[in-house]
Amino acid sequence: MLKKNAEMAAILLLAALLLAPPPGGRASAGDKWASISGFVRDASNGEPLPYANVYLVGTNLGTLTSLRGYFVIPHLAEGRYLFTVSLLGYQRWQSEVQLHAGADSVLTVHLTPSTIEMGEVTKTAQRERFEREVHISTVALTMRQLQVVPMLAEADVFRTLQLLPGVVSRSDFSSQLYVRGGSPDQNLVLLDGVSVYNPFHLGGVFSTFNVDAIKELEFLSGGFPVEYGGRLSSVLAVTNREGNVKSYRGSGSLSLLSVRGLAEGPLPSGSFLIAARRTYFDQVFKHTRYAFPYYFYDLQGKINLDLSQRHRLTLSGFYGDDVLDFSAEGEDESEVDVDLNWVWGNRTTSLIWRWIIRPDLFSETILSRSRFDNDLDATVEGSGTANLMLDNRINDYSAKADVTYLGLRGHGIKLGFSWSDLDFRYGIAIDDYRLFSYTARPALLALYLQDHWQLRARLQLNSGVRLEHYSLGNRWSLSPRLGLQYQIAANLALKASYGQYTQYLTTVASDEENFSLMDLWLPISKNYRPQTARHYVAGGEWWLPHDLILTMEGYYKTFAGLLDLNEKGIASDPTDDYFVAEGTARGLELLLKRQTGPLQGWLGYSWCLTKRRTAEHTYYPKYDRRHTFHAVLNRRLGRNWTLGVVFSYGSGMPYTPIPGKYMAYEWRLDRNELSGHLVDRPGAKNSARFPLYHRMDVSLRREGHLFGISATPYLQIINLYNRKNVFYYFWDHDANPSRLTTVSMFPLLPTLGVDFAF
Amino acid sequence: MLAAALLLAACGGGPDVNEFNYEPEINVFALLLYNSGQTVIRLEESYRALDRVPEDRGIAGARVTIKGADQEVAYVDQGGGRYAEAGKILRLEPGATYLLTISVPDGREVAAQCTMPAPPRLIAPADQQHIAANDALPVVWQSESPEPHFLVNVRGNIHAYSAEVMTDSTATDFYPFYLAQPDIYVLKVAALDRNYYDYLRMRDEEEPLWHIRGGIGVFGAIAYDERVIIAE
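These numbers were taken from a predicted model, which means no experiment stands behind them.

Trainee: I'd like to hear about the overall build of chain B, residue by residue, with values.
Mentor: The secondary structure content of chain B amounts to two helices and 17 strands. For 232 residues, the compact-globule estimate of 2.2 N^0.38 gives 17 Å, and the C-alpha radius of gyration of chain B, at 23 Å, exceeds that figure by more than 25%. Within chain B, the proportion of its 232 residues that are buried is 39%.

Here it is as structure tokens:
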């Protein structure tokens, strides 16, 4: 029945695509309405400005610019208007415009950055977004906001997100995100619209995105709209800057971790940006006894070309690798020589075509390839030689296109599709002998339709449906989504959302692993149903005096078909590769934030209860942290100094206790004898909890000039009071009585660096 | 905020393992070995995590019997937790089901059941077969066991290098590096009953399948076939 419904919905959606308004010129001459459209850009570098507030003074007509800086206000009566654009951190722009019936006035507005981040202008821009959009469970952060949060060595996207309510971090060593009771593989990570499969370096200690190149990131922790799919819990959409269209600029940074550089500038009819980052410890200690044979690097670039007023092409790429290159010679003949070269990393390439078909009808098409490689070549040479090779690869070839139509009064309609060809190839060989080989090539097709409907002046509805087809097992799924916002009072809005989500990929990860170098992604085979989730979210946003914004959200999530790797599965039985689990997550989140004035930041608290159920037992997953509190504060001290403080508190996370031990015997088949050793007698899964987690980090930055260039040195202290937060416990049963060792997370770590720009 | 953080820092510490109230359990290892006709039995206590483990870990004075294939055999305490047949020897028959019962002096009781698998019959390689060292070795066998669980082991004579593979199919490849050196190797393919198979796979899991009522450990059975191969 469901399949039939899904097929019917597919036919309807396809029909809708075919019947979409034909591409053509402007509104007809006989049209009684006027419209105004165009782009809003930064006056200093020409970068498009998203979420700028564009409105006509004296009316309630207005809109926000898109992520690409585009705006359109349709259905206007002929006449003269005072046209105004405002955005947080920029001076307000105003001009009188004369609009004529049947004509579209096209404007490009350049906003000048303001030096003082406060006042009525910025409040208005913030408020407009609050009033005009249904953006439940959504947080947007800019490069500037990322840079001022104290972090280990340098600013980091994922570690900043870990400080938001609803997001849990398992340890200081991991920047993976556990969002509202979901595991990290349930997060969709997009870089300029392209999926990134392992967005981490050094096993998750650092994230893969270089903040210098980031324009904005949007993080949706639940109830996300139909244009996003394929994951159950959250979406992180990172948008890189497009490059300065006015002049050639450069910037750089030197931290204890890495050296970074960025160059940008104009091109004929466009702009370019190139950013690079590399760790340097391997070079510093290369010829010393402390040789450090590991490094990582990222390289990202973007070229924009405006083919005409209506057509823009963007070519962007990201290349990042972790490299472990290690050689050791045995000191004598009894020791072996080892030669190891291990390279793993992401590569993404995308071509984006934006076409403004008419002012109220525009499209975006993305062709992309995302690839993750994990290649190891290790040779051990002793009395003989053995060579181990790992050759693991994911290739994701995707095409996406959507059309947005604003020509229907009160509606914003988006219609789109995406298609992905996923190629998984994993192999292990020893001395050219293939130990293991796995290949799979599923295809994923999605069609979606979304409508943002301004029902009443104070009531907005976002509704949509996403239809997906997954080729392994020929599975269809239909995912309705709904978002609602009601402006109950001038300063208070109530919001709610509902959504169904389906995920066809999973990662191979043991629940008990404390550390994982990378995620190994696998498509769900035809023997298992896809993983699904439902989100129910409700909350409110309240604007308080002193530019304070209080957001409160409660949620309830159900999960079905969750897959946990069964490491002891029987090889020839494809139906016991995983334990299949159901689950629930419920929680309450409070966020009090202030983004203007000398003291900025947020206080966030979340309560979350997550449970998993398998056929055998019910348990709390290892990331079930009941209470989390973060304070992220930045205080300007005088003209040039900024003090940043982050305090994090979390109740203990579950672990499996070891209350006992026993002799585990085994009959040695080769020697026909009994052998045994003491092993752990584990208690019930995740039935104990680690002690409280808390930590304080501080940073001090000074903006200034050095040799004529802008320079911002900074000092950061991680774990200021050297709290010994527990990472895990380790039992040594070789000692009698057994010895318990507590392994702690980050100790007190001072780091320093300098950012410069020219 | 710093004051509050420092106050919090004063709290916490290591886990109090005694809070888990773990009561030691009867730890059984009982294995029926078809080829030698032996029954290996160890009977011990488990321990709390921080307890000192004594030299003699055995449970003394338990009543241990195994019933099966129309027999009932009693096993007597040999000291150190070892129990062995005093007179009558248990006859092991492929396909027969055996029931182990244990009563310890403090009144606790343990029971478990296992089925003796039929020994597999090696098809390849042939006995005394000469093979090239550092080459893959295909191993193929036949089995009449309804539950096909196998342990395959190869061990060199000179290098005493031992490699083992668990499988549930009746063929496997021994990778070249297991037979890297010229040597005389003994290859064994053992059929395992479900209990011993699960024990070997899952004893380090959080919640292992013990298949034992009233205790932990295993009551299992194995039967094997073997070949000698010469790698040159």
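And the narrative resumes.
Trainee: Lay out the overall build of chain A in plain terms, naming residues and giving numbers.
Mentor: Within chain A one finds five helices and 49 strands. Taking 758 residues into account, the globule formula puts the C-alpha radius of gyration at 27 Å, and chain A, at 27 Å, falls close to it. Seen along its three principal axes, the alpha-carbon backbone of chain A occupies a region of about 95 × 70 × 50 Å. For chain A, contacts bridging at least 24 residues in sequence account for 62% of all contacts bridging at least 6.

Trainee: Tell me about the sheet that holds strand 7 (residues 104-111) of chain A, and please be specific about residues and values.
Mentor: Residues and elements named next belong to chain A. The sheet built from three strands is open, its strands ordered 4-1-7 with mixed pairing. Here the strands that pair on one side only, and so sit at the sheet edges, are strand 4 (70-76) and strand 7. When strand polarity is set aside, the average angle formed by the axes of neighbouring strands in this sheet is 20°. Summarising the sheet, strand 1 (residues 34-42) and strand 7 pair through eight bridges and their orientation is parallel. Paired with glycine 38 across the strands is leucine 107, a residue of strand 7.

Trainee: Which residues make up the environment of A:Tyr51, and what values go with them?
Mentor: Residues and elements named next belong to chain A. Within the element layout of this structure, tyrosine 51 appears in the loop between strand 1 and strand 2 (53-56). With 22 C-beta atoms packed within 10 Å, tyrosine 51 lands in the buried category. Each C-alpha atom of the pair tyrosine 51 and asparagine 341 lies 46 Å from the other, and the pair is 290 residues apart in sequence.

Trainee: Outline the nonpolar core, supporting the account with residue identities and numerical values.
Mentor: Residue and element names in this part refer to chain A. By size, the foremost hydrophobic cluster in this structure holds 107 residues, and its most contacted members are Val40, Ala52, Leu111, Val157, Leu190, Leu236 and Val238. No other element matches the five residues that strand 27 (residues 443-456) contributes to this core. Excluding residues within four positions of it along the chain, leucine 111 makes contact with Val40, Asp42, Ala43, Leu49, Ala52, Val85, Leu87, Tyr90, Gln91 and Trp93.

Trainee: Explain the sheet that holds strand 42 (residues 673-681) of chain A to me, and be specific about the residues and the numbers.
Mentor: A sheet is described by the order of its strands in space; here three strands give the open sequence 42(A)-41(A)-3(B), paired in antiparallel fashion. Taken across any chain shown, the strands that pair with only one partner, and hence form the sheet edges, are strand 42 of chain A together with strand 3 (47-48) of chain B.

Trainee: Report on the domain arrangement of chain B, specifying residues and quantitative values.
Mentor: Here chain B is partitioned into domain 1 (23-115) and domain 2 (121-192 + 223-231). Summarising the inter-unit geometry, the C-alpha centres of domain 1 of chain B and domain 2 of chain B are found 30 Å apart.

Trainee: Explain the interface of chain B and chain A residue by residue, including any values.
Mentor: Of the residues lining the interface, 55 residues belong to chain B; the matching set on chain A comes to 49 residues. By residue number, the principal contributor to the side of chain B that touches chain A is helix 1 (residues 2-9) of chain B, which donates five residues. Of the residues in the side of chain B that touches chain A, the class split is 31 nonpolar, nine polar and 15 charged.

Trainee: Help me get a handle on the pairing of strand 4 (residues 63-68) of chain B, residues and values and all.
Mentor: Residues and elements named next belong to chain B. Residues Val64, Ile66 and Gly68 of strand 4 are buried on one face, while the alternating residues Arg63, Thr65 and Lys67, pointing to the opposite face, are not. Where strand 4 lies against strand 7 (residues 97-103), six bridges are found, and the strand directions are antiparallel. Looking at strand 7, one finds that threonine 65 is bridged to threonine 101. Of the strand pairs in this sheet, strand 4 and strand 5 (residues 71-79) are connected by five bridges, and their pairing is antiparallel. Paired with threonine 65 across the two strands is alanine 74, which belongs to strand 5. Here strand 4 hands over to strand 5 after two residues, with alanine 69 in that stretch at a positive phi of 50°.

Trainee: Would you mind going over the confidence of the model for chain B in detail, with residue names and values included?
Mentor: Mean pLDDT over chain B stands at 88; residues scoring 70 or higher make up 91%. Two numbers describe this predicted complex: its pTM, 0.86, and its ipTM, 0.91.

Trainee: Account for the domain arrangement of chain A, naming residues and giving values.
Mentor: Residues and elements named next belong to chain A. Each assigned domain of chain A is listed with its residue range as follows: domain 1 (31-132), domain 2 (138-240) and domain 3 (249-653 + 690-757). Its C-alpha centre places domain 1 at a distance of 33 Å from the equivalent point of domain 3. If you look at the interface, domain 1 gives 17 residues, while domain 3 gives 16 residues. Listing elements by their share of the side of domain 1 that touches domain 3, those giving two or more residues are strand 1, strand 4 and helix 2 (120-132).

Trainee: Any details on the pairing of strand 35 (residues 578-594) of chain A? Residues and values, ideally.
Mentor: Residues and elements named next belong to chain A. Of the strand pairs in this sheet, strand 34 (residues 548-565) and strand 35 are connected by 15 bridges, and their pairing is antiparallel. Each bridged residue has a counterpart across the sheet, and for leucine 563 the counterpart in strand 35 is valine 580. Both strand 35 and strand 36 (residues 599-613) contribute to a ladder of 13 bridges, which runs antiparallel. The residue bridging glycine 583 from the neighbouring strand is arginine 612, located in strand 36. Linking strand 35 to strand 36, which pair antiparallel, is a turn of four residues; within it glycine 597 sits at a positive phi near 85°.

About the criteria used
- Residues numbered from 1 in each chain as written.
- Chains lettered and ligands numbered in written order.
- Predicted model: local features only at pLDDT ≥ 70, side-chain atom pairs only at ≥ 80, totals over all residues.
- Helix = DSSP H or I, 4+ residues; strand = E, 2+ residues; numbered from the N terminus.
- Rg over C-alpha atoms; globule rule 2.2 N^0.38 Å.
- Buried ≥ 20, exposed ≤ 12 C-beta atoms within 10 Å, placed from the backbone.
- Contact = placed C-beta atoms within 7 Å.
- Pairing = 2+ DSSP bridges.
- Axes fitted to C-alpha atoms, helices over the stretch in contact; angles between N-to-C directions.
- Core = buried A, V, L, I, M, F, W, Y, C linked by C-beta atoms within 7 Å.
- Domains from an automatic or database assignment.
- Nonpolar A, V, L, I, M, F, W, Y, C, P; charged D, E, K, R; others polar.
- pLDDT = per-residue confidence, 0-100.

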